[in-house]
Amino acid sequence: MSGRLHGRRAIVTGAGSGIGAAVAKRLAADGARVFTSDLQGEVDQVADVTADGASEALVGAAVDAMGGLDTLVPCAGISAFAPLEGHSDAYFRQVLEVNLVAVFRLVRDAAPLLKAAGNGRVVTIGSTTSSFGDEGLCAYSASKHAILGFTKSAAAELGPHGVTVNCVQPGAIDTPMTAPAFEQMPEYRTFWENKAPLRRLGRAGDIADVVAFLCSDDARFMSGHGLWVDGGAMVRH
Ligand code: NAP
């Protein structure tokens, strides 16, 4: 344990699975207190981030548990491949609700605490599809482009209060989210393995380590960034 996040009090959503679980583990290993939330799993709070009042309830529960809040890492997200003409209104809205609107609400409702902390940190989770599009990903890619724009504007607005806001953009990461697609389309897995100069899929820990850095004092002068964490895959795009 490096202890570089000692004293930090963080919320991590989507912490029951994949990247969120790895982030919660890594922040705790670095000394942060972490309040975890997800739809299911071994977390401090079981909740749907899109429910009415969810963000106020989450911030309130985290503050009750930890005595304050200075760090947010909203990892809850959904994705599925669907052709444009197969995107129902409900599906498109649901993807935006989870991947974008719920993150906006959480950052908004935590903003007074982040500002008061003087060194608040927000790390949103975008995607390499925050920077390009792909077949079957109209809703997902729209939500991930939007979260990058949100990140930049929030960085501009919260920066004068000492809060940094950055967006980690993972490439193809081996998690329960991607497992069905990689199982059904092994050629998709091979495509991403070969596209990355590092010649492998990412692991949840590859993302968590970068998130922990951005939450630390080492990243104190970085804000408004989208960072590809993709084994170099985007250099070939
Ligand atoms: P994951 O293993 O499926 O984890 C996502 C978690 O979010 C799941 O536990 C999921 O619960 C939860 N969640 C979904 N809807 C929710 C809701 N309405 N309220 C609360 N929690 C909800 O996926 P992951 O790969 O770790 O993804 C984490 C983040 O990284 C997402 O934002 C994703 O878009 C992003 N990302 C992933 C990749 C990748 O290749 N894996 C690449 C780029 C970006 P259920 O499992 O019960 O639905």
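Quantities reported herein were computed from a predicted structural model and do not represent experimental measurements.

Caption draft 1: Inspection of the overall build of the protein at higher detail. Looking only at helices and strands, one finds seven helices and seven strands in the protein. Across the protein, helices and strands are ordered from the amino to the carboxyl terminus as β-α-β-β-α-β-α-β-α-β-α-α-α-β. A compact globule built from 237 residues should have a C-alpha radius of gyration of about 18 Å, and the protein, at 17 Å, falls within 12% of that. Expressed as lengths along the three principal axes of its C-alpha atoms, the size of the protein is roughly 50 × 40 × 35 Å. Buried residues in the protein amount to 49% of all 237 residues.

Caption draft 2: Broad picture of helix 6 (residues 186–195). Looking only at helix 6, the buried set comprises Tyr188, Trp192 and Lys195. Viewed end-on, helix 6 has its buried residues packed into an arc of 65 degrees, placing them on one side of the element. Check the buried side of helix 6 and you find it contacts helix 5 (179–184).

Caption draft 3: Expanded view of the site of the ligand. As a structural note, the neighbourhood of the ligand is formed by 28 residues, with Ser17, Asp38, Gln40, Tyr140 and Thr175 the closest of them. A distance of 2.6 Å is found between an oxygen atom of the ligand and a side-chain nitrogen or oxygen belonging to Ser17. The separation between a nitrogen atom of the ligand and a polar side-chain atom of Asp48 is 2.8 Å. Here the ligand loses 89% of its free accessible area of 880 Å² to cover by the protein chains.

Caption draft 4: Layout of the sheet that holds strand 4 (residues 71–74). Spatial ordering of the open sheet is given by 3-2-1-4-5-6-7, a layout of seven strands whose pairing is parallel. Both outer strands of the open sheet, strand 3 (45–46) and strand 7 (226–229), are each paired with one neighbouring strand and no more. Strand direction decides the pairing type here: strand 6 (residues 164–170) and strand 7, joined by four bridges, are parallel. Note on strand 7: the bridge partner recorded for Gln169 is Trp228. Against the sheet, helix 3 (residues 89–117) makes contact with strand 1 (9–13), strand 4 and strand 5 (121–125), and its axis sits at roughly 175 degrees relative to strand 4, the strand it touches most.

Caption draft 5: Up close: the pattern of salt bridges. Per the counting criterion, the structure on display carries 11 salt bridges. In this structure, Glu193 engages Arg189 in a salt bridge whose closest nitrogen and oxygen atoms are separated by 3.2 Å. Here Glu193 and its partner Arg189 are both found in helix 6, four residues apart, which amounts to about one turn of the helix. If you follow the salt bridges from partner to partner, you end up with Arg4, Arg26, Asp30, Asp209 and Asp218 in one network.

Caption draft 6: Expanded view of the nonpolar core. Residues Val12, Val23, Leu27, Val73, Val168 and Val211 are the most contacted members of the largest nonpolar core, which totals 28 residues. Elements supplying a minimum of two residues to this core: strand 1, helix 1 (18–29), strand 5, helix 7 (204–215) and strand 7. No other element matches the seven residues that helix 7 contributes to this core. Those residues in contact with Val211, other than ones at most four positions away along the chain, are Val23, Val73, Val123, Ile125 and Val168.

Caption draft 7: Molecular detail of the packing of aromatic side chains. For the structure on display, the rule yields five aromatic pairs. Measuring from ring centre to ring centre gives 6.5 Å for Tyr188 and Trp192, while their planes differ by 85 degrees; the resulting arrangement is edge-to-face. Of the two residues, Tyr188 and Trp192 are both situated in helix 6; the distance of four residues between them amounts to about one turn of the helix. What links up through ring pairs into an aromatic cluster is the set Phe81, Phe182, Tyr188, Phe191 and Trp192. Here the basic side chain of Arg189 rests over the ring of Phe182, its NZ or CZ set 5.7 Å away from the ring centre.

Caption draft 8: A look at the packing of helix 2 (residues 54–66) against helix 3. It is at 8 Å that the axes of helix 2 and helix 3 come closest, and there the two elements cross at 40 degrees. Considering the angle they form, helix 2 stands oblique to helix 3. Our pair here, helix 2 against helix 3, has a crossing hand that is right-handed. When helix 2 is examined against helix 3, the residues Ser55, Glu56, Leu58, Val59 and Val63 are found in contact with a partner set consisting of Arg105, Leu106, Asp109, Ala110 and Leu113. By residue class, the composition of the contact of helix 2 with helix 3 is six nonpolar, one polar and three charged.

Caption draft 9: Structural context of the environment of Ala61. Along the chain, the position of Ala61 falls in helix 2. It is 30 Å that separates the C-alpha atoms of Ala61 and Phe221, two residues lying 160 residues apart in sequence.

What counts, and where the lines are drawn
Residues numbered from 1 in each chain as written. Predicted model: local features only at pLDDT ≥ 70, side-chain atom pairs only at ≥ 80, totals over all residues. Heavy atoms only, no water. Helix = DSSP H or I, 4+ residues; strand = E, 2+ residues; numbered from the N terminus. Rg over C-alpha atoms; globule rule 2.2 N^0.38 Å. Buried < 20%, exposed > 50% of the residue type's maximum accessible area, 1.4 Å probe, protein only. Arc of directions from axis to C-beta. Contact = heavy atoms within 4.5 Å. Near = heavy atom within 4 Å. Polar contact = N/O pair within 3.5 Å; in protein donor to acceptor, adjacent residues only side chain to side chain. Areas by Shrake-Rupley, 256 points an atom, 1.4 Å probe, with all protein chains shown as cover. Pairing = 2+ DSSP bridges. Axes fitted to C-alpha atoms, helices over the stretch in contact; angles between N-to-C directions. Salt bridge = Lys/Arg side-chain N within 4 Å of Asp/Glu carboxyl O. Core = buried A, V, L, I, M, F, W, Y, C linked by side-chain atoms within 4.5 Å. Phe/Tyr/Trp six-rings, centres within 6.5 Å; stacked < 30°, edge-to-face > 60°. Lys NZ or Arg CZ within 6 Å of the ring centre and 35° of its normal. Parallel < 35°, antiparallel > 145°, perpendicular 65-115°, else oblique. Left-handed = near helix turned anticlockwise from the far one by under 90°. Nonpolar A, V, L, I, M, F, W, Y, C, P; charged D, E, K, R; others polar.

Just geometry here; none of it tells us what the structure is for.
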